[in-house]
Amino acid sequence: MPSFAGRLLPGLFRLLGFRRQFASPEAMLRGVQDRLVRPVPYGPPRGLRSVEIEVDVGHDTGWPVYRFLPRHRTPTRAAVYVHGGAWVNQIHPLHWRLVAGLAARSGAAVTVPIYPLAPVGTAATVVPSVADLIAALVDRYGAGRVASLGDSAGGQIALSAALLLRDRGVPPLHRTVLISPALDLTLANPEIDLVEPRDPWLARPGTRAAIELWRGDLPIKDPLVSPLFGDLVGLGPLTVFSGTRDITSPDTRLLVSRARAAGVPVDHHEETGLIHVHPLLPVPEGRRARRLMAGVLAG
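Below or above, wherever it landed, is the structure these notes cover. (Residues numbered from 1 in each chain as written. Predicted model: local features only at pLDDT ≥ 70, side-chain atom pairs only at ≥ 80, totals over all residues. Heavy atoms only, no water.)

### Re the overall build of the protein chain
Within the protein chain one finds nine helices and eight strands. Along the first, second and third principal axes, the C-alpha set of the protein chain runs to 45 × 45 × 40 Å. Each of the 299 residues in the protein chain was classed as buried or not, and the buried ones make up 58%. Long-range pairs, those at least 24 residues apart, make up 80% of the contacts in the protein chain with a sequence separation of at least 6. Carbon and sulfur atoms form 56% of the exposed surface of the protein chain, whose accessible area is close to 12400 Å². Looking at charge distribution, the protein chain has the averaged site of its 33 positive side-chain charges lying 7 Å from that of its 25 negative ones. (Helix = DSSP H or I, 4+ residues; strand = E, 2+ residues; numbered from the N terminus. Buried < 20%, exposed > 50% of the residue type's maximum accessible area, 1.4 Å probe, protein only. Contact = heavy atoms within 4.5 Å. Areas by Shrake-Rupley, 256 points an atom, 1.4 Å probe, with all protein chains shown as cover. Lys, Arg positive; Asp, Glu negative; His and termini not counted. Charge placed at Lys NZ, Arg CZ, Asp CG, Glu CD.)

Structure below.
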């Protein structure tokens, strides 16, 4: 049974028109074009937990890459957080607040790449670069002290990067944490038909338009695009958060089942009646998920 605040979210999101961008390909592509002409600011808000953390930024990769570091202590663990937004939307203040909270509570150094959005960035260019960032942290801290996290589209990138690292021979990460991840970009799971009418945010028509921009020249079943089609054997442990009023939830259940069958340890936290990426939201279920994530990063 969702909390009172959790039960309010579907109606609130419908009232605020969150689904409008996803309702049609035309609406999605209009938004993409508008953001190409008028890019959305991406920097973290000022004063974000400044007593507990410090923030720096580098551009060695060609993208802005932020680091959130616990103040007054040297981190012995690290993580990369990949933000969501249907591959076409910029990082949001809720992402920054989550990252700041994770760094402050866990003591880990959290790296946040501001990757180029589709159609400028595509799976073929972004996923390998994110994998490179994670690999550099593995070289510094050791694989057992590095985690990868991502929500929604960022969850797809994080899992695809983890599979790519496995294929490169990098030892398994401490954990890959996925929040309402996009996993099979064919969106062909028939169980989505049952969830979509109850999802107040996501819908397939607009999502498919964003996917076409993101996949570029890659086949849609390539694991760089749809990690659910990858071989999961040898992947490090997973922690997965999902809600049942979210069209990503049917594929999340498939991932959990297939990963366990492949011998991958999985912690799955599914919240009945909760919406997409609820761990980022100011509801009791979100606060519980954030505590669990901080515990995962702390080791």
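### Topic: the packing of helix α4 (residues 123-141) against helix α5 (residues 153-168)
Closest axis-to-axis distance for the α4/α5 pair is 8 Å, and the angle between their directions is 65 degrees. In this view, α4 runs roughly perpendicular relative to α5, as classed from their interaxial angle. In this structure, α4 meets α5 at a crossing whose hand is right-handed. Within the contact between the two elements, α4 uses Val126, Val127, Pro128, Val130, Ala131, Asp132, Ile134 and Ala135 and α5 uses Gln156, Ile157, Ser160, Ala161, Leu164, Leu165 and Arg168. Among the residues making up the contact of α4 with α5, the classes are represented as 11 nonpolar, two polar and two charged. (Axes fitted to C-alpha atoms, helices over the stretch in contact; angles between N-to-C directions. Parallel < 35°, antiparallel > 145°, perpendicular 65-115°, else oblique. Left-handed = near helix turned anticlockwise from the far one by under 90°. Nonpolar A, V, L, I, M, F, W, Y, C, P; charged D, E, K, R; others polar.)

### Quick word on the environment of glycine 150
Looking at the secondary structure, you find glycine 150 in strand β5 (residues 146-151). Taking the relative accessible area as the measure of exposure, glycine 150 reaches 0% and is therefore buried. Along the primary structure glycine 150 and valine 177 are separated by 27 residues, whereas in three dimensions their C-alpha atoms are 6.6 Å apart. Setting aside residues no more than four positions away along its own chain, glycine 150 makes contact with Tyr81, Val82, Gly155, Ala158, Val177, Leu178 and Ile179.

### Some thoughts on the packing of helix α2 (residues 25-37) against helix α7 (residues 204-215)
Their axes nearest at 7 Å, the elements α2 and α7 cross at an angle of 50 degrees. With respect to α7, the axis of α2 lies oblique. In this structure, the crossing between α2 and α7 has a hand that is right-handed. Contacts between α2 and α7 involve Pro25, Met28, Leu29 and Val32 from the former and Pro205, Gly206, Thr207, Ala209, Ala210 and Leu213 from the latter. Looking at the contact of α2 with α7 residue by residue, the classes come out as eight nonpolar, two polar and no charged.

### Brief notes about the sheet that holds strand β2 (residues 65-70)
Taken together, the eight strands give an open sheet; going across it, the order is β1-β2-β4-β3-β5-β6-β7-β8, and neighbouring strands pair in mixed fashion. Lying at the two open borders of the sheet, with one neighbouring strand each, are β1 (53-58) and β8 (266-275). With strand direction ignored, the average angle separating the axes of adjacent strands in the sheet is 20 degrees. Bridge count between β5 and strand β6 (residues 175-179): five bridges; the pairing is parallel. Bridge assignment links alanine 147 to a residue of β6, and that residue is arginine 175. Across the face of the sheet, helix α3 (residues 93-106) comes into contact with β1, β2, β3 (78-82), β4 (109-113), β5 and β6 while running at roughly 40 degrees to β2. (Pairing = 2+ DSSP bridges.)

### Topic: the pairing of β6
For β6, the tally of buried residues reaches five of five residues, placing the bulk of the element in the interior. Alternating positions in β6 separate into two faces, Arg175, Val177 and Ile179 on one and Thr176 and Leu178 on the other, with burial throughout. Relative to strand β7 (residues 238-245), β6 runs parallel, the two sharing four bridges. Bridging from a neighbouring strand, leucine 178 pairs with valine 240 of β7.

### Observations concerning the environment of methionine 28
The topology assignment puts methionine 28 in helix α2. In this structure, the C-alpha to C-alpha distance between methionine 28 and proline 116, residues 88 residues apart in sequence, is 17 Å. For methionine 28, the contacting residues outside a window of four places in its chain are Gln21, Phe22, Arg35, Val88, Gly206, Thr207, Ala209 and Ala210.

### A few points about α4
For the α-helix, the turn length of 3.6 residues means that residues three or four positions removed from each other point alike. The first and last C-alpha atoms of α4 sit 27 Å apart over 19 residues, in line with the 27 Å expected at 1.5 Å per residue. Taken together, the buried positions of α4 are Ala123, Val126, Val127, Val130, Ala131, Leu133, Ile134, Ala135, Leu137, Val138 and Tyr141. On its buried side, α4 packs onto β2, β3, β4, β5, α5 and α7. Backbone geometry just after α4 places glycine 142 at a positive phi near 95 degrees. (Expected span 1.5 Å × (residues − 1).)

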